[in-house]
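# Commentary on secondary and tertiary structure
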Amino acid sequence: MSGNGSHSTSLLSNSGKLFHNFGKQRLVAIGALGVLYLFFCAAGDNFAAYNTFVSILDSSYYIGFLAIGVTFVVITGGIDLSCGTVMVCCALISGTLYFKLGVPMWLCLLLCIAMGGLFGFCNGFMVAVMKLPAFIATLGTMMVTRGLGSIVTATASVTFPQRHADDGWFRGIFKLMGDGLPSGGVPTGFVLLILLAAVMAFILNKTRPGRYILALGSNKEATRLSGVDVVKWEILAYVVSGLFAGLAAIAYASIYSTILPGTGNGFELDGIAGTVIGGTSLSGGVGSIAGTLIGVFIMSVLRTGLPFVGLQPHYQLFFTGFVLAAAVFADVLNRRRRKG
Amino acid sequence: MNKPILTMDGISKAFAGVRALQDVRFDLMRGEIHALMGENGAGKSTLMKILTGVCARDAGTITFEGRPVTFKNPREAQAAGIVIVHQELNMLNHLTAAQNVFIGREPMRGKMIDDDKMNRDAHALFQKLGIGIDPKAVVGGLTVGRQQMCEIAKAISTEASVIIFDEPTAALTDSEIEDLFKTILDLRGRGIGIVYISHRMDEIKRITDRVTVMRDGACVGTLTTAHCTKDDIVRMMVGRTVYEDPKSRSEVPADAPVALSVRRLRAGPLVRDVSFDLRRGEILGLSGLMGAGRTETARAIFGADRPDGGEVLVNGRLCRIRSPRDAVAAGIGYLSEDRKRYGLLVEKDIAANITLASLRDFMRGLSLHRSKEEEEARRHIETLRIKTPSEHQEVRKLSGGNQQKIVVGKWLTRDSQILIFDEPTRGIDVGAKAEIYALMHELARQGKSILMISSDLTEILRMSDRVMVMCEGRKTAEIPIEEATQEKIMHAATLREARRVS
């Protein structure tokens, strides 16, 4: 280091660049999120209430985790269609371990995350080593995990212990409830989500694995010819996606209690939609975790808010479609302007 | 002289406030081959884009066949009879030659495409051009030269009166170039006006009638080709003289140790028992025709493709190179001719590109040491004289020469001692070429060893301390620079193995 002078200027330029990178599209996304929230506050009775706020957060944890994980895969230029069913499969298997084999809850939760990572590794191996197209490899894993969940549970649903039951403590990870606390509970899961998002953003932007993942998404062959072990780092991106699917499984179990075998389809698309709305490019090389979170919250606000203005929740899908197309169109416009 | 078929006058254009063209004049006669020359970024492409309606002009007039015209899009220009044969081919690889030639205007019989007529018409067209391409051949299976011929056939079949060739020979072999020239001269004979964009001076001298030189968005002047020398043109392009002398003797000290030794390397059909030594501080020129196996040899040494057999020794020690990672660790750097595809992250900034091969050295604990990266980038921007506003510039916005320097910077940061340059100046304009040459000489003087693959014989003779020639995957000659001539090299490059016909 050549002294404080150069350090402070670089910090300045870094923050300048951070702001620049955060860029117009992300500001538009934040603006859209704010406008949406305010709109529902104004139009719907009680939308502004604390309980509603907590339920918006509740419904964003599992998609948030899925989306953070899948952002890494999308940045490599790949796709992970399996994360939704991996999530449900992990939840089902760890629930079965708990009820049928009496495995302690803490170990079940760790195994849940580990299993996610294992499925992620399988995806990564198929894509990076066996050179299968990511779409096909993860489509296969999606079907396998969906079937596996049903096989393990013999198609019976799994209900995790309730809050007041012996092993219900894990629900406190995502929401604290009890005497002296607000009736909607304290959304501790939000803190966890933000914390993990910050860690993953650091890994993506400030560490070697993150740089390599961005680089191989930008140009895999040039990265390989620079002496980088692209196979290893590409697998890592899928492992991250799998681990976060495992985390999402815990979030899902603690918010929704009952897990049905054969479900999970479509969650991966919610995760991917959040990622893309947040400005991560499906062609790879560009992406941000903060953007992904904003994308996820936009979808949660829509889902929670629409019933307040008299529309059924399935309108959420309808409107999310528009938001998705608009967000990507904004990105396309932005690129075109930069190139022109 | 006859009246011009096309006149562009007072053409100006600015992109986002940056001047791209300033009051440019260009005219073209019937039956003339008019070269348009200039360094990259001089404004040639912009001028042609304005002519063919890809972008709009800010000022100026275009007169075509006596009438003022403004084309709103390339389709209008094409309908009027102005077509462009792009450097990057616009062929659809899965369709046949005939389907490509007649795409968008297929002969119909009722609601159905009349395939028979289409193939007959294509066949007639190819005959007229003297090229024996089967109309039913799938384009992806043709050589690049033949694909180019299809593109030209397509241009001619639209009854164009002006054809623009944008660096048509960049990907062609010598014999394909000969065929192309025959075709172009034939087109001239039929009264078609031809704009010929190229960096290759000998081609310009050989087939063009006039040369217009552009620099910095302005027209420097128009010369009659027969009355000017290469130096005249180059001087107009760069505004200074560029030295072109061949190297007269090797600059490597007699006692320089061997840095890289390749022994009986085999990889696929195009690398067959290749052996050679590269000494410290030496530039070894690797010459040969297209398909001689030069790039394949380089890729096998570098581990980009797995070799089938043979040994690579670095500084006398045997290296097991199975991937680029092993090669980079052994101190080898590879600079591909296709920099955008194999060398750079074009959407990332200069700093990220320069440190890509040596990121371990730019860590502070677990975190990337961004300011150290930037410092390294700034150092290379200065010493390699990379023209850029800052180290944060995205690489795709830089010219070919500056991009090449960034790849060099990447390997210098890694402290690679052996550099393999594959066509180091392809797509780089004349002024920047001289800089790249000077840089390579400087690297060799510092003790780096350079293997330089080049299809350009002047480049080989000018840069190399020793010349190695390949043909059909075999090494056919190794010539000290003192004895090397173009004739000797060409002889070795065409030294085909006698083949028994079975």
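For the structure itself, consult the block above.
So, here's what we can say about the structure. (Residues numbered from 1 in each chain as written. Chains lettered and ligands numbered in written order. Predicted model: local features only at pLDDT ≥ 70, side-chain atom pairs only at ≥ 80, totals over all residues. Heavy atoms only, no water.)

## Describing the overall build of chain B
Note the cut-off: In this description a helix means any DSSP run of H or I spanning at least four residues, a strand means any run of E spanning at least two, and both kinds are numbered starting from the N terminus. We compute the radius of gyration from the C-alpha atoms alone; for a globule the expected value is 2.2 Å times N to the 0.38, where N is the number of residues. Throughout, exposure labels follow a simple rule: accessible area from a 1.4 Å probe, protein chains only, divided by the maximum for the residue type, with under 20% read as buried, over 50% as exposed, and the rest as partly exposed. Only heavy atoms matter for contacts: two residues are in contact if any of them lie within 4.5 Å across the pair. Throughout, the Shrake-Rupley method with a 1.4 Å probe supplies accessible areas, and for residues the shown protein chains are the sole cover considered.
When its secondary structure is counted, chain B shows 17 helices and 24 strands. Against the compact-globule benchmark of 23 Å for 502 residues, chain B has a radius of gyration of 25 Å, which places it among compact chains. Seen through its principal axes, chain B has C-alpha atoms that stretch 70 × 65 × 50 Å. The 502 residues of chain B split such that 55% are buried. Summarising the internal contacts of chain B: among those between residues at least 6 apart in sequence, 66% fall at separations of at least 24. Per element, the accessible surface of chain B, about 22,600 Å² overall, is 48% carbon and sulfur.

## Details of the interface of chain A and chain B
For clarity, the threshold we go by: A quick way to say it: buried area is the sum, across both parts, of accessible area lost when two parts are put together, with a 1.4 Å probe. Throughout this description, the term salt bridge denotes a Lys or Arg side-chain nitrogen within 4 Å of a carboxyl oxygen of Asp or Glu. By the criterion applied in these results, polar contacts are pairs of N or O atoms within 3.5 Å in which, for protein atoms, one can donate a hydrogen and the other can accept it, and in which residues neighboring in sequence qualify only through two side-chain atoms. Gly counts as polar in this scheme, as do all residues outside two lists: the nonpolar Ala, Val, Leu, Ile, Met, Phe, Trp, Tyr, Cys and Pro, and the charged Asp, Glu, Lys and Arg.
Each partner contributes to the interface: chain A provides 31 residues, whereas chain B provides 39 residues. The largest contributions to the chain A side of the interface with chain B come from Arg-208, Arg-211 and Leu-225 of chain A, which together make up 24% of the buried area. Counting the contacts that link chain A with chain B gives three salt bridges. Ionic pairing is found between Glu-221 of chain A and Arg-299 of chain B, a salt bridge with its closest N-O pair at 3.8 Å. Run the count over chain A and chain B and you get nine residue pairs in polar contact (both at pLDDT 80 or more). Listing elements by their share of the side of chain A that touches chain B, those giving two or more residues are helix 1 (3–43), helix 6 (188–206), helix 7 (208–218), helix 8 (220–224) and helix 12 (315–339) of chain A. A per-element tally of the side of chain A that touches chain B places helix 7 of chain A first, with six residues. Residue composition of the side of chain A that touches chain B, by class: eight nonpolar, 14 polar and nine charged.

## A few points about the nonpolar core
Residues and elements named next belong to chain A. Formally: Residues enter a nonpolar core if they are buried and are Ala, Val, Leu, Ile, Met, Phe, Trp, Tyr or Cys, with the set joined through side-chain atoms within 4.5 Å.
By size, the foremost hydrophobic cluster in this structure holds 92 residues, and its most contacted members are Tyr-62, Phe-65, Leu-66, Ile-68, Phe-72, Met-87 and Ile-259. Counting residues per element, this core draws most heavily on helix 9 (residues 230–256), at 14 residues. Aside from chain neighbours lying at most four places away, what touches Ile-68 is Leu-193, Ala-197, Met-200, Phe-244, Ile-289, Thr-292 and Leu-293.

## Description of the pattern of salt bridges
Under the criterion given, the structure shown has 37 salt bridges over all chains. When the shortest N-O distance is used, the salt bridge between Arg-224 of chain A and Glu-221 of chain A registers 3.1 Å. Here Glu-221 of chain A and Arg-224 of chain A lie together in helix 8, a separation of three residues that amounts to about one turn. We note a salt bridge from Asp-273 of chain B to Arg-266 of chain B, for which the minimum N-O separation is 3.9 Å. For Asp-273 of chain B, a relative accessible area of 36% gives the class partly exposed. What emerges from the salt-bridge pattern is a single network uniting Arg-211 of chain A together with Asp-349, Arg-370, Glu-373 and Glu-374 of chain B.

## So, the packing of helix 14 (residues 400–413) of chain B against helix 15 (residues 430–445) of chain B
Residue and element names in this part refer to chain B. Note the threshold: As a rule, the C-alpha atoms of each element are fitted with a line to give its axis, helices using only the stretch in contact, and angles between N-to-C directions run from 0 to 180 degrees. For classification purposes, an angle smaller than 35 degrees is called roughly parallel, one larger than 145 roughly antiparallel, one from 65 to 115 roughly perpendicular, and anything else oblique. Left-handed describes a crossing whose near helix is turned anticlockwise from the far helix through less than a right angle; right-handed describes the clockwise counterpart.
Closest axis-to-axis distance for the helix 14/helix 15 pair is 10 Å, and the angle between their directions is 15°. When the interaxial angle is binned, helix 14 and helix 15 end up roughly parallel. Seen from above, helix 14 lies across helix 15 with left-handed handedness. Counted together, Gly-401, Gln-404, Lys-405, Val-408 and Leu-412 of helix 14 and Ala-432, Glu-435, Ile-436, Leu-439 and Leu-443 of helix 15 form the full contact between these two elements. Classifying every residue of the contact of helix 14 with helix 15 by side-chain character gives six nonpolar, two polar and two charged.

## Considerations on the pairing of strand 3 (residues 33–37) of chain B
All names here are of chain B. Put simply, the rule reads: Here, strands pair whenever DSSP counts at least two bridges between them.
With five of five residues buried, strand 3 lies mostly within the body of the structure. Residues Ile-33, Ala-35 and Met-37 point to one face of strand 3 and His-34 and Leu-36 to the other, with burial holding for every one of them. Examined bridge by bridge, strand 3 and strand 10 (residues 193–197) share four bridges and lie parallel to one another. Within strand 10, the residue paired with Leu-36 across the bridge is Ile-197. By the bridge criterion, four bridges tie strand 3 to strand 11 (residues 210–215) in an arrangement that is parallel. Counted as the bridge partner of Ala-35 is Val-211 from strand 11.

Remember, this is a structural readout, not a statement about activity or role.
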